[in-house]
Amino acid sequence: MRARTAIGCSVADQGVAALTNILVLVTAARLSTVADFARFSAVYLVFTVLLGVSGAYTGQPLVLRRGGSDEVRGACRSAVVFTLLATAVLGTVLAGVCLPLPGATAHALMALGLVLPVVLGQDTMRYVFSTLHLPHLALAADVLRLVCVLGALAVQPHGTPAARLVIVWGLSTLPALLLSTALLHRRVAGSPLRLRVLLQRGHLGRRFVVEFAVGNATGQLSVLGLGAVGNPLVVGALRGATTLFGPLNVLFTSATGFGPPLLGRLADERRRVRAAATLAGVLAATAAVWATALALLPGGVGRHLLGDTWPTAAALLPATGSQYAAMAVGTCGLLALRMLDPRTTLSIQVVFSLAAVAFLTGGYLLGGVSGAAWGLCLGSVCKAVATWTRVAGLTRRTAVERAPLSADAARPGSGSL
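Residues numbered from 1 in each chain as written. Predicted model: local features only at pLDDT ≥ 70, side-chain atom pairs only at ≥ 80, totals over all residues. Heavy atoms only, no water.

1. Looking at the overall build of the chain
Thinking step 1. Along its length, the chain carries 15 helices and zero strands.
Thinking step 2. Looking at the chain as a whole, 45% of its 417 residues are labelled buried.
Thinking step 3. Considering only contacts in the chain between residues 6 or more positions apart, those separated by 24 or more positions represent 81%.
Thinking step 4. Accessible surface computed for the chain: about 19,500 Å², of which carbon and sulfur atoms make up 68%. (Helix = DSSP H or I, 4+ residues; strand = E, 2+ residues; numbered from the N terminus. Buried < 20%, exposed > 50% of the residue type's maximum accessible area, 1.4 Å probe, protein only. Contact = heavy atoms within 4.5 Å. Areas by Shrake-Rupley, 256 points an atom, 1.4 Å probe, with all protein chains shown as cover.)

Shown next as structure tokens:
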């Protein structure tokens, strides 16, 4: 598949997956009472966290795999089997713990445990097809999932309990999982199955899970903390402004999750770094254009999108747009580091996630909600600078290490006899 087609399929697949998650919540809100939707949302939040952990532990290390085709196919097969077994165990434990507990929320969590292997197994298939340079197959399976999920939820009556919604949502993913399994079996049958590798101490997934926890938890908890001890308007305003940039989150997730196999097609590290830098410029420009388009929206359209939150969110668009431009640069820097040395990203994520919390708090103390937004922007800028500084250092070090080898190869008489 050509690179442009592969990129288009990868971005489209991520968009379909994100759209599915959004429409599931919208459909559930229309079918449920206020109390049942609150329960469903809480369970879906648990699923979202488990989805991120699964992708960090299994999917992201998988897309970094390079080597012989049989080795890569074996890694893909192992990732799928490991995910199905691990989620079956985790789902059984979750269902068993919630079974004797009273209340509708416990029943909904028990339902999540029953369908967990299906929904997380299908998500792992997306990483597998990306690793095998077959993103169009992932797109086909996710489109089928979107149709089945929305069709199954649409026929449910109003007032459907949260547990039933979870079961219907989970089981409606089964056709997509079966299709993915059939498509994958033709390509990985007979390849080696190595599950112990995924449990070893040096497995990159452990580091990526910590990165996921630090990168996502610190930012969300800090915003919630400011809303609790300070002004609750902070939460609504910042979340409203961030929601407007949801399409860019899809692009960023596509870059980090599915970019390595595409960049891996390039011949050497320098070309991969240049491609990542070019992608950073394109995504940053896209963020600037998107922020400008949002700033030019009429007030009526903005209120239709965010309701009464629109005026405060609109005032934060310059800061949030600048933050997302910096995030684009930092995301592509992390992508380059994943290609050069994936073990270097953890320290950057930890240090600058904590720095972003400090900037957020300091900005709020100095300038209120607007100051908090510019504090987040400053944190993203610092992270982007640090990331590309590390990329430049690794690139120079690699060039220095290869220079003596090149000189020896060019020296007369250095060839083999």
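2. A look at the packing of helix H3 (residues 69–98) against helix H4 (residues 104–131)
Thinking step 1. Packing of H3 against H4 brings their axes to within 8 Å, and their N-to-C directions diverge by 170°. One finds that H3 runs roughly antiparallel with respect to H4.
Thinking step 2. By residue class, the composition of the contact of H3 with H4 is 20 nonpolar, eight polar and no charged. (Axes fitted to C-alpha atoms, helices over the stretch in contact; angles between N-to-C directions. Parallel < 35°, antiparallel > 145°, perpendicular 65-115°, else oblique. Nonpolar A, V, L, I, M, F, W, Y, C, P; charged D, E, K, R; others polar.)

3. Here's the deal with the packing of aromatic side chains
Thinking step 1. Within the structure shown, the criterion is met by five aromatic pairs.
Thinking step 2. Aromatic pair phenylalanine 40 and tyrosine 44: ring centres 5.7 Å apart, planes at 25°, arrangement stacked. A residue pair is termed a helical-turn pair when its members lie 3 or 4 positions apart in one helix, as phenylalanine 40 and tyrosine 44 do in helix H2 (residues 34–63) at four residues.
Thinking step 3. We classify phenylalanine 40 as buried; its relative accessible area is 2%.
Thinking step 4. Tyrosine 44 gets classed as buried once you look at its relative accessible area, which sits at 6%.
Thinking step 5. Cluster of aromatic residues (ring-pair linked, three or more members): Phe40, Tyr44, Phe47 and Trp169. (Phe/Tyr/Trp six-rings, centres within 6.5 Å; stacked < 30°, edge-to-face > 60°.)

4. Quick word on the pattern of salt bridges
Thinking step 1. A full pass over the atoms with the stated rule returns five salt bridges.
Thinking step 2. Notably, a salt bridge pairs aspartate 13 with arginine 126, separated by 3.2 Å at the nearest N-O pair. Taken as a pair, aspartate 13 in helix H1 (residues 3–31) and arginine 126 in helix H4 lie far apart in primary sequence, 113 residues in all.
Thinking step 3. The exposure class assigned to arginine 126 is buried, which follows from its relative accessible area of 6%. (Salt bridge = Lys/Arg side-chain N within 4 Å of Asp/Glu carboxyl O.)

5. Digging into the packing of helix H5 (residues 135–154) against helix H6 (residues 162–171)
Thinking step 1. Two elements in contact, H5 and H6, have axes separated by 8 Å at closest approach and are oriented at 150°. As far as their axial angle goes, H6 and H5 are roughly antiparallel. Here H5 and H6 pass one another in a crossing that is right-handed. Residues Arg145, Val149, Ala152 and Leu153 of H5 form the contact with H6, whose participating residues are Leu165, Val168 and Trp169.
Thinking step 2. Classifying every residue of the contact of H5 with H6 gives six nonpolar, no polar and one charged. (Left-handed = near helix turned anticlockwise from the far one by under 90°.)

6. Structural notes on a nonpolar patch on the surface
Thinking step 1. Together, Val89, Val93, Val97 and Leu101 line one region of the surface with nonpolar side chains, adding up to about 340 Å² of accessible area.
Thinking step 2. Examined against the element boundaries, valine 93 turns out to sit in helix H3.
Thinking step 3. Valine 93 sits in the partly exposed class, given a relative accessible area of 48%. (Patch = residues over 30% accessible without salt bridge, like charges linked within 9 Å, V, L, I, M, F, W, Y side chains within 5 Å.)

7. Observations concerning helix H7 (residues 174–188)
Thinking step 1. An ideal rise of 1.5 Å per residue puts 21 Å on 15 residues; H7 measures up with 20 Å between its terminal C-alpha atoms.
Thinking step 2. Among the residues of H7, Ala176, Leu177, Ser180, Leu183, Leu184 and Val188 are the ones counted as buried. Buried residues of H7 fall within an arc of 135° about the axis and therefore sit on the same side. Of the exposed residues in H7, those oriented more than 90 degrees away from the buried face are Leu178, His185 and Arg186.
Thinking step 3. Just downstream of H7 lies glycine 190, where phi reads positive at about 85°. (Expected span 1.5 Å × (residues − 1). Arc of directions from axis to C-beta.)

8. Here we look at the nonpolar core
Thinking step 1. Judged by nonpolar contacts, the single largest core of 34 residues is most densely connected at Phe245, Trp388 and Val391.
Thinking step 2. If you list the elements that add at least two residues to this core, you get helix H8 (204–229), helix H10 (246–263), helix H11 (269–295), helix H14 (317–340) and helix H15 (345–410).
Thinking step 3. Among the elements that make up this core, the one with the highest residue count is H14 (10 residues).
Thinking step 4. Beyond its immediate sequence surroundings of up to four residues, valine 391 is in contact with Val273, Gly333, Ala336, Leu337 and Leu340.
Thinking step 5. Counting 22 residues, the second-largest nonpolar core is a separate cluster that includes Phe47, Val115, Leu153 and Val166. (Core = buried A, V, L, I, M, F, W, Y, C linked by side-chain atoms within 4.5 Å.)

9. Brief notes about the state of the cysteines
Thinking step 1. For the structure shown, the criterion picks out zero disulfides.
Thinking step 2. Cysteine 382 supplies the cysteine sulfur nearest to cysteine 377, a cysteine that is in no disulfide, at a spacing of 9.5 Å. (Disulfide = S-S within 2.5 Å.)

10. Some details on the environment of alanine 336
Thinking step 1. Within the element layout of this structure, alanine 336 appears in helix H14.
Thinking step 2. A relative accessible area of 3% places alanine 336 in the buried class.
Thinking step 3. Along the backbone, alanine 336 and leucine 263 are 73 residues apart, and their C-alpha atoms lie at a distance of 9.1 Å.

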